[in-house]
Amino acid sequence: MAEDDELIVLDFWSSPFGARVRIALREKGLEFESIEQDLVNKSSLLLEMNPVNKQLPVLIRNGKPICESTIIVQYVDETWTTSTPLLPDDPYQRSRARFWADYIDKKIYNVAKALWVDQEGATEQLIECFKTIELELGEKPYLGGDTFGLADINLVSFSSMFYTWEKCGNFSLSVECPKLATWITRCRERDSVAKSLPDPHKIYEFFMNFKNNASN
Ligand code: GS8
């Protein structure tokens, strides 16, 4: 990293998307400042840095913003190439990693949101998504193969919410998908992940308060 490189993350402690950026930066051994955002009264900095989506996370490198978590992780990987690649070199393997990162983005979160509002069939759909990912994982240590990468980051970032999803959907991930449960433990043992993810019980409390307040 150039000596004058300044890295700022516009962040929120419980955000799985923010966690992706923190994990990627930590995998690369980069120092950064995380600035906690108010999701209701958005700061002028957030609105200036992400005027289109007005969402976090935003990575600000020397004043220039990069938006959308999956794009940020790829930017980090393409910018700091000397350590811990997060995508394979081979274009075909890269396309597969991107496919699974995209599947996780498009499917998992939307189905979990349906579970959140008690939509019928949402639990079954979520378990089906988990099983699909578990099938792809197979006997590999990581989704991308032997090394931790983009697709792993995209999924493990949600793992602090799994306890909440299991409670809401009344299922056990380790019973339904034992290999995926082992994969979560493996990923969470990494320093970058352990330092970046919030406590699942804290997330449960946070979401239950939010849900109770919303229904009152
Ligand atoms: C999603 C970011 C997002 O939902 C990404 O970066 O991958 N596709 C984006 N951010 C939320 C906070 S995390 O739950 C957010 O900024 N919400 C405020 C809003 O949407 O107004």
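First, a word on scope: everything that follows refers to the structure included in this document. Not measured: the values here are computed from a predicted model.

Generally speaking, a soluble globular protein has its nonpolar side chains buried in company with each other. Ile108, Phe130, Ile133, Leu155, Trp165 and Trp183 are the most contacted members of the largest nonpolar core, which totals 57 residues. Residue contributions to this core reach at least three from each of two domains, namely domain 1 (7-79) and domain 2 (91-215). If we skip the residues at most four places from it in the chain, isoleucine 133 touches Trp100, Tyr103, Ile104, Ile108, Leu143, Leu155 and Leu180. With eight residues, the next largest nonpolar core counts Leu10, Phe12, Leu46 and Val58 among its residues.

Our next topic: the site of the ligand. Around the ligand sit Ser15, Phe17, Leu39, Lys42, Gln55, Leu56, Pro57, Glu68 and Ser69, and those are all the residues in its vicinity. In this structure, an oxygen atom belonging to the ligand sits 2.4 Å away from a side-chain N or O atom of lysine 42. Take leucine 56: an N or O atom from its main chain is 2.8 Å from a nitrogen atom of the ligand. Here the ligand has 530 Å² of accessible area as a free molecule, and 74% of this is covered by the chains. Given that more than half its atoms are within 2 Å of the pocket grid, the ligand belongs to the largest pocket. A per-class count over the shell around the ligand returns four nonpolar, three polar and two charged.

One can describe the packing of helix 5 (residues 122-137) onto helix 9 (residues 178-188) by two numbers: an axis separation of 8 Å at closest approach and a directional angle of 75°. As the angle between them shows, helix 5 and helix 9 are arranged roughly perpendicular. Listed contacts from helix 9 to Phe130, Ile133, Glu134 and Leu137 of helix 5 are Pro178, Lys179, Leu180 and Trp183. Here the contact of helix 5 with helix 9 is composed, by residue class, of six nonpolar, no polar and two charged.

Here four strands make up an open sheet; going across it, the order is 2-1-3-4 and the pairing mixed. Sheet topology places strand 2 (33-36) and strand 4 (64-67) at the edges, where each strand pairs with a single neighbour. Averaged over all pairs of adjacent strands, the angle between their axes in this sheet comes to 25°, without regard to strand direction. In the sheet, strand 1 (residues 7-11) pairs with strand 2 via four bridges, with the strands oriented parallel. Across the sheet, residue aspartate 11 finds its bridge partner in strand 2, namely glutamate 36. In the packing of helix 1 (residues 16-27) onto the sheet, the strands contacted are strand 1 and strand 3 (58-61), and the crossing angle to strand 1 comes to about 155°.

Definitions and limits used
Residues numbered from 1 in each chain as written. Predicted model: local features only at pLDDT ≥ 70, side-chain atom pairs only at ≥ 80, totals over all residues. Heavy atoms only, no water. Core = buried A, V, L, I, M, F, W, Y, C linked by side-chain atoms within 4.5 Å. Buried < 20%, exposed > 50% of the residue type's maximum accessible area, 1.4 Å probe, protein only. Domains from an automatic or database assignment. Contact = heavy atoms within 4.5 Å. Near = heavy atom within 4 Å. Polar contact = N/O pair within 3.5 Å; in protein donor to acceptor, adjacent residues only side chain to side chain. Areas by Shrake-Rupley, 256 points an atom, 1.4 Å probe, with all protein chains shown as cover. 1 Å grid on protein atoms, 1.4 Å probe; cavity = no way out; pocket = protein on both sides within 12 Å on 5 of 7 lines; lining within 4 Å. Sits in = over half its atoms within 2 Å of the grid points. Nonpolar A, V, L, I, M, F, W, Y, C, P; charged D, E, K, R; others polar. Axes fitted to C-alpha atoms, helices over the stretch in contact; angles between N-to-C directions. Helix = DSSP H or I, 4+ residues; strand = E, 2+ residues; numbered from the N terminus. Parallel < 35°, antiparallel > 145°, perpendicular 65-115°, else oblique. Pairing = 2+ DSSP bridges.

The quantities given are spatial measurements derived from coordinates; they are silent on function.
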